[in-house]
Amino acid sequence: MTTLLSDLTTLRVGGPAERLVPATTRELLVATVLDGWANGEDPLILGGGSNTLAADDGFDGTVVQVATRGIERLESAPGRVRLRVEAGESWDGLVAFAVANGWSGIEALSGIPGSSGAAPIQNIGAYGQELESALVSVDLLDRDSLEVVRVPAEELALGYRTSVLKRHGGSIPERDGVVVAIELDLADDAGLSAPIGYAQLATALGVELGARLPIADVRRTVLNLRSSKGMVLDAADPDTYSAGSFFTNPIVSETFARSLPADAPRWPITEDHDPAVVIPLGEWDGTVPAPSFEHDAQVKLSAAWLIERSGIRRGFRLPGSRAGISTKHTLALTNTGGATADEIAALARFVQARVAAEFGVVLQPEPVFVGVSL
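Calculation notes
Residues numbered from 1 in each chain as written. Predicted model: local features only at pLDDT ≥ 70, side-chain atom pairs only at ≥ 80, totals over all residues. Heavy atoms only, no water. Pairing = 2+ DSSP bridges. Helix = DSSP H or I, 4+ residues; strand = E, 2+ residues; numbered from the N terminus. Axes fitted to C-alpha atoms, helices over the stretch in contact; angles between N-to-C directions. Parallel < 35°, antiparallel > 145°, perpendicular 65-115°, else oblique. Contact = heavy atoms within 4.5 Å. Nonpolar A, V, L, I, M, F, W, Y, C, P; charged D, E, K, R; others polar. Salt bridge = Lys/Arg side-chain N within 4 Å of Asp/Glu carboxyl O. Buried < 20%, exposed > 50% of the residue type's maximum accessible area, 1.4 Å probe, protein only. Polar contact = N/O pair within 3.5 Å; in protein donor to acceptor, adjacent residues only side chain to side chain. Core = buried A, V, L, I, M, F, W, Y, C linked by side-chain atoms within 4.5 Å. pLDDT = per-residue confidence, 0-100. Expected span 1.5 Å × (residues − 1). Phe/Tyr/Trp six-rings, centres within 6.5 Å; stacked < 30°, edge-to-face > 60°. Lys NZ or Arg CZ within 6 Å of the ring centre and 35° of its normal.

A. Summary view of the sheet that holds strand E18 (residues 323-325). Strands sit in the order E14-E19-E18 across an open sheet of three strands; the sheet is antiparallel. The open sheet is flanked by strand E14 (242-245) and E18, the only strands paired with a single partner. Put simply, the sheet's adjacent strands are angled 25° from each other on average, direction ignored. Pairing geometry for E14 and strand E19 (residues 332-335), over two bridges, is antiparallel. If you follow Ser-242 over to E19, its bridge partner there is Thr-334.

Here is the structure:
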């Protein structure tokens, strides 16, 4: 029986898979991928299918559906909880499990669809939290060594919706491999959440930024916020037939940002550390020179604001297309019923063109493209 990728992705588009292998154990996952690599094939690794735009022609090869399960509690320091999670575990199921046990650190990431193994690839984040703050390491089936190796989080170059594992626009990632498990470090602090770090969430909770609340209250509020934007999967709501936010918020120089309208939302990007000052040994006189300010600071813009100000509103569709902008959230491209991958891609190109023409900013897509290009 032929399996359609439209049945395996939240956008509900995509043609037939030549071969589907549900990998229910780590051993089967590793063996199937290694077998594909040995035969010169690059299998398509699919978790929850929530961040994938697959071509109408389908995939001419093996699709490995990561369906491994298992959450193991490891030895950890007092007040901390260390978990090893198999890649096929539902991400939101993992968050629910942590919240039920009173462990904090990922509660603001509630409701994000997809698998746990996919989470570090784009360093998922929402409402003031990112996976990076809790991730310790990943178990990676490495393409070079052909072995499962432990890769510390600091070696993944985690950034805003990116890592060395991410395929940008279908390109080969900086480090090629398949995540088979992740390791997290959470807090066990009397059922209290991490400090609230996002203004919209704080307002919804009725507290100030930095407040800590019962962790279940935070999860419930995040789920309500996401549902109001069509960002929690619901079979009865076509607005959720999407890949979530289709475009990332662009990061630009502060100089460029000043050229935009004054009401354009922007947030400064805080660098992790100051650049090192390098002084040739022969010139060292015992003093450190004043830092150079030639570097132009970076700021993050709102992709949703740019889209709306370019004239594209919620619910917008190209004439005759079954792909549309969500009626609840401008950043989501949705399948309103029977849309094709080509229709989704055409709408994405239109949005990119409008924003580029209006503001000179080229929005970057967030999903993984399989046989599709913009």
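B. Up close: the packing of helix H2 (residues 91-100) against helix H4 (residues 215-228). H4 packs onto H2 with a crossing angle of 150° between their chain directions and a minimal axis gap of 9 Å. The angle between H2 and H4 places the two elements in the roughly antiparallel class. Listed contacts from H4 to Asp-92, Val-95, Ala-96 and Val-99 of H2 are Ile-215, Ala-216, Arg-219 and Leu-223. Of the residues belonging to the contact of H2 with H4, the class tally is six nonpolar, no polar and two charged.

C. Up close: the pattern of salt bridges. This model, assessed by the stated rule, comprises 21 salt bridges. One salt bridge connects Arg-82 with Asp-185, and the closest N-O pair in it is separated by 3.5 Å. Of the two residues, Arg-82 is situated in strand E7 (residues 80-86) and Asp-185 in strand E13 (residues 177-188); the sequence distance between them amounts to 103 residues. Of the charged contacts in the structure, one is a salt bridge between Arg-161 and Glu-130, with a shortest N-O distance of 3.4 Å. Pair noted here: Arg-161 is in the loop between strand E12 (148-152) and E13 and Glu-130 is in strand E10 (residues 129-130), with a separation of 31 residues, a long-range link. Given a relative accessible area of 26%, Glu-130 falls into the partly exposed group.

D. Molecular detail of the pairing of E12. In the sheet, strand E11 (residues 135-142) pairs with E12 via five bridges, with the strands oriented antiparallel. Paired with Leu-141 across the bridge in E12 is Val-148. Linking E11 back to E12 in an antiparallel pair, the connection comprises five residues, with Leu-146 at a positive phi of about 60°.

E. Up close: the pairing of E19. Across the two faces of E19 the burial is the same, with Ala-332 and Thr-334 and Leu-333 and Asn-335 all buried. The antiparallel hairpin formed by E18 and E19 contains six residues in its connecting segment.

F. Molecular detail of the side chain of Ser-50. Looking at where Ser-50 falls in the secondary structure, it is placed in the loop between strand E3 (44-46) and strand E4 (52-54). In this structure the side chain of Ser-50 is engaged in a polar contact, spanning 3.3 Å, whose partner is the backbone oxygen of Pro-113. Those residues in contact with Ser-50, other than ones at most four positions away along the chain, are Thr-10, Pro-113, Gly-114, Ser-242 and Ala-243.

G. Main features of the nonpolar core. Ranked by size, the top nonpolar core spans 41 residues in total, and within it Trp-91, Ile-106 and Leu-135 carry the most contacts. Looking at this core, the elements that each hand over two or more residues are E7, H2, E11, E13, helix H3 (199-205) and H4. Considering each element in turn, this core owes the most residues, five residues, to H2. Setting aside residues up to four positions removed in sequence, Leu-135 forms contacts with Pro-120, Ala-153, Leu-156, Leu-158, Ile-182, Glu-183 and Leu-184. Of all hydrophobic cores here, the second largest spans 36 residues; its members include Ala-55, Leu-306, Ala-341 and Leu-347.

H. Focus on the confidence of the model for the chain. Averaged over all residues, the pLDDT of the chain is 92; the fraction at 70 or higher stands at 92%. Within the model, pLDDT remains below 50 along residues 272-282, and this stretch shows four contacts once partners closer than five positions in the same chain are excluded. For residues 284-294, every residue scores under 50 in pLDDT, and the model assigns this stretch four contacts once sequence neighbours within four places are set aside.

I. H4, seen in detail. Taking 1.5 Å of rise per residue, 14 residues should cover 20 Å, and H4 covers 20 Å from first to last C-alpha, within 8% of that figure. Tucked inside the fold, the buried residues of H4 contact H2, strand E8 (103-104), strand E9 (125-126) and H3. Where H4 ends, the next residue or the one after it, Gly-230, has phi of about 70°, a positive value.

J. Fine view of the packing of aromatic side chains. Inspection of every chain in the model, using the stated rule, returns six aromatic pairs. Here the aromatic rings of Phe-97 and Trp-103 are separated by 5.8 Å at their centres, their planes lie at 75°, and the arrangement is edge-to-face. Where Trp-305 meets Phe-359, the ring centres are 5.6 Å apart and the plane angle is 45°; that geometry is what we call tilted. With Trp-305 in helix H6 (residues 303-309) and Phe-359 in helix H7 (residues 341-359), this residue pair connects regions lying 54 residues apart in the sequence. Across the pair, exposure class does not vary: Trp-305 and Phe-359 are buried alike. Here the aromatic cluster, defined as three or more aromatic residues joined through ring pairs, consists of Phe-246, Phe-247 and Phe-369. Across from the ring centre of Tyr-160, 4.5 Å away, lies the NZ or CZ of Lys-300, which sits over that ring.

K. Broad picture of the sheet that holds strand E17 (residues 298-301). Taken in spatial order, the three strands make up an open sheet running E15-E17-E16, and their pairing is antiparallel. Edge positions in the sheet fall to strand E15 (251-253) and strand E16 (266-268), since each of these pairs with one other strand and no more. Neighbour to neighbour, the strand axes of the sheet diverge by 40° on average, direction disregarded. With three bridges joining them, E16 and E17 adopt antiparallel strand pairing. Looking across to E17, one finds that Arg-266 is bridged to Leu-301.

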